[in-house]
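# What the coordinates show
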Amino acid sequence: ETGVTQTPRHLVMGMTNKKSLKCEQHLGHNAMYWYKQSAKKPLELMFVYNFKEQTENNSVPSRFSPECPNSSHLFLHLHTLQPEDSALYLCASSQEGGAGANVLTFGAGSRLTVL
Amino acid sequence: GENVEQHPSTLSVQEGDSAVIKCTYSDSASNYFPWYKQELGKGPQLIIDIRSNVGEKKDQRIAVTLNKTAKHFSLHITETQPEDSAVYFCAAKISNFGNEKLTFGTGTRLTIIP
């Protein structure tokens, strides 16, 4: 385990369902991220939170809704998704400020399949 | 914005041989270049990084080289072992100890043949 825990590891949902992905980090980091990983594409940054405040929304469709209640927890709420949203969703954290600012620690990901 | 290209997309090498993965970047202001390794069923993990004020960095069997003029950097793995089999991602960003966006390459699937 890297210190970043993601649940569920696998999720299958229909286009009309509502589900949530959860991420928890035990590293004392102050920044958390959602990335989308699709085959043969670069990792796509979706959202960034610093000290619980959203600092980046990388033009993500509104059917993805992030929530960061505290510096240790991050959620991604999903509703009315499309089949092309099927991917591995990775959560990451980092300690912003100082020498560790650039190092991302990733979770194992949540494999999402939209039917 | 920054664009990172990574080659090759797949690479197979005999155990014990060396492997080289190459990346180019577009933004000359980028000054931080990490490499991540992703094993099956896991998230990417940082294995080595380099800043633009140095040309080469080594850590045991892995090394990274940076050519700022040509805007390319490479990962070198020597004496490859089966556990080196994974997908490797390069990345680049402008780093001022903030949360500037990290741009990733498309990944290289490295297979070590026993």
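Parameters at a glance
- Each chain has its residues counted from 1, following the order in which its sequence is written.
- Each chain gets a letter, beginning with A, and each ligand a number, beginning with 1, in the order they are written.
- Local features are withheld for residues below a pLDDT of 70 in this predicted model, meaning they are given only at 70 or higher, and side-chain atom pairs are given and counted only at 80 or more; totals for whole chains, interfaces and linings count all residues.
- Only heavy atoms go into the side-chain values, all of them from the structure, while hydrogens and water stay out.
- Any carboxyl oxygen of Asp or Glu that lies within 4 Å of a side-chain nitrogen of Lys or Arg is treated as forming a salt bridge with it.
- Classification of residues uses two cut-offs on accessible area relative to the type maximum, computed with a 1.4 Å probe and protein chains only: under 20% is buried, over 50% is exposed, and between them is partly exposed.
- Think of it this way: any DSSP run of H or I at least four residues long counts as a helix, any run of E at least two long counts as a strand, and we number them from the N terminus.
- We call two residues in contact whenever any of their non-hydrogen atoms come within 4.5 Å of each other.
- Each pair of strands is called paired provided DSSP finds at least two bridges between the two strands.
- Axis lines are fitted through C-alpha atoms, for helices just across the contact stretch, and the angle between N-to-C directions can take any value from 0 to 180 degrees.
- When two components associate, each loses some accessible surface as probed by a 1.4 Å sphere; the sum of these losses over both components is called the buried area.
- Under this definition, polar contacts are N or O atom pairs within 3.5 Å; protein pairs additionally need one hydrogen-donor-capable and one acceptor-capable atom, and for neighbouring residues in sequence, both atoms have to be side-chain atoms.
- Nonpolar residues are Ala, Val, Leu, Ile, Met, Phe, Trp, Tyr, Cys and Pro. Charged residues are Asp, Glu, Lys and Arg, and all others, Gly as well, are polar.
- Grouping buried Ala, Val, Leu, Ile, Met, Phe, Trp, Tyr and Cys residues that are joined through side-chain atoms within 4.5 Å yields what is termed a nonpolar core.

### Overview of the pattern of salt bridges
All names here are of chain B. Counting across every chain of the model gives five salt bridges over all chains. Here Glu39 makes a salt bridge to Lys42, at a shortest N to O gap of 3.4 Å. Assessed through its relative accessible area of 32%, Glu39 is described here as partly exposed. The residue Lys57 makes a salt bridge to Asp49 at a minimum N-O spacing of 3.0 Å. Note on Asp49: relative accessible area 15%, which makes it buried. Via salt bridges that share partners, Lys37, Glu39 and Lys42 belong to a single interconnected network.

### Details of the environment of Leu81(A)
All names here are of chain A. For Leu81, the position within the fold is in the loop between strand 8 (73-79) and strand 9 (87-94). Separated by 60 residues in the primary sequence, Leu81 and Leu21 place their C-alpha atoms 13 Å from one another. If we ignore the near neighbours within four places in the chain, the residues touching Leu81 are Met13, Met15, Arg63, Phe64, Leu112 and Val114.

### With respect to the sheet that holds strand 8 of chain A
The pairing of strands in a sheet happens through backbone hydrogen bonds and is either parallel or antiparallel. Residue and element names in this part refer to chain A. Read across the open sheet, the four strands follow the order 1-3-8-7; overall the sheet is antiparallel. Strand pairing shows two members of the sheet lacking a second neighbour, strand 1 (4-7) and strand 7 (64-70), which therefore form its edges. Direction aside, neighbouring strands of the sheet carry axes that sit 15° apart on average. Two strands pair when backbone bridges link them, and strand 1 and strand 3 (residues 18-25) are joined in this way by four bridges, in the antiparallel orientation. Looking across to strand 3, one finds that Thr7 is bridged to Lys22.

### Focus: the interface of chain A and chain B
The partner chain B presents 20 residues to the 27 residues of chain A that form the contact. With both chains or domains summed, chain A and chain B bury close to 1700 Å², and 53% of this area falls on carbon and sulfur atoms. Linking chain A to chain B there are zero salt bridges. At the junction of chain A with chain B, the criterion picks out three residue pairs in polar contact (both at pLDDT 80 or more). Every element with two or more residues in the side of chain A that touches chain B is listed here: strand 4 (31-37), strand 5 (44-50), strand 6 (53-57) and strand 9 of chain A. Of the residues assigned to the side of chain A that touches chain B, the class counts are 14 nonpolar, eight polar and five charged.

### Quick notes on the nonpolar core
Grouped together as the largest cluster of nonpolar side chains are 23 residues, with contacts concentrated most on Trp35(B), Phe73(B) and Leu110(B). Secondary-structure elements contributing two or more residues to this core are strand 2 (10-14), strand 3 (19-25), strand 4 (32-38), strand 5 (45-51), strand 7 (62-67), strand 8 (72-77), strand 9 (86-92) and strand 11 (108-113) of chain B. Contact partners of Leu110(B), with chain neighbours within four places excluded, come to Leu11(B), Val13(B), Ala19(B), Ile77(B), Asp84(B), Ser85(B), Ala86(B) and Tyr88(B). Counting residues in each nonpolar core, the second largest holds 22 residues, with Tyr49(A), Cys68(A), Leu78(A) and Ala87(A) among its members.

### Description of the side chain of Gln6(A)
Residues and elements named next belong to chain A. By secondary structure assignment, the location of Gln6 is in strand 1. The class of Gln6 is buried, set by a relative accessible area of 4%. Only 2.9 Å separates the side chain of Gln6 from the backbone oxygen of Tyr89, close enough to count as a polar contact. When sequence neighbours within four positions are dropped, the list of residues in contact with Gln6 reads Lys22, Cys23, Trp34, Tyr89, Leu90, Cys91, Gly107, Ala108, Gly109 and Ser110.

Function cannot be read off these values alone, since they describe shape.
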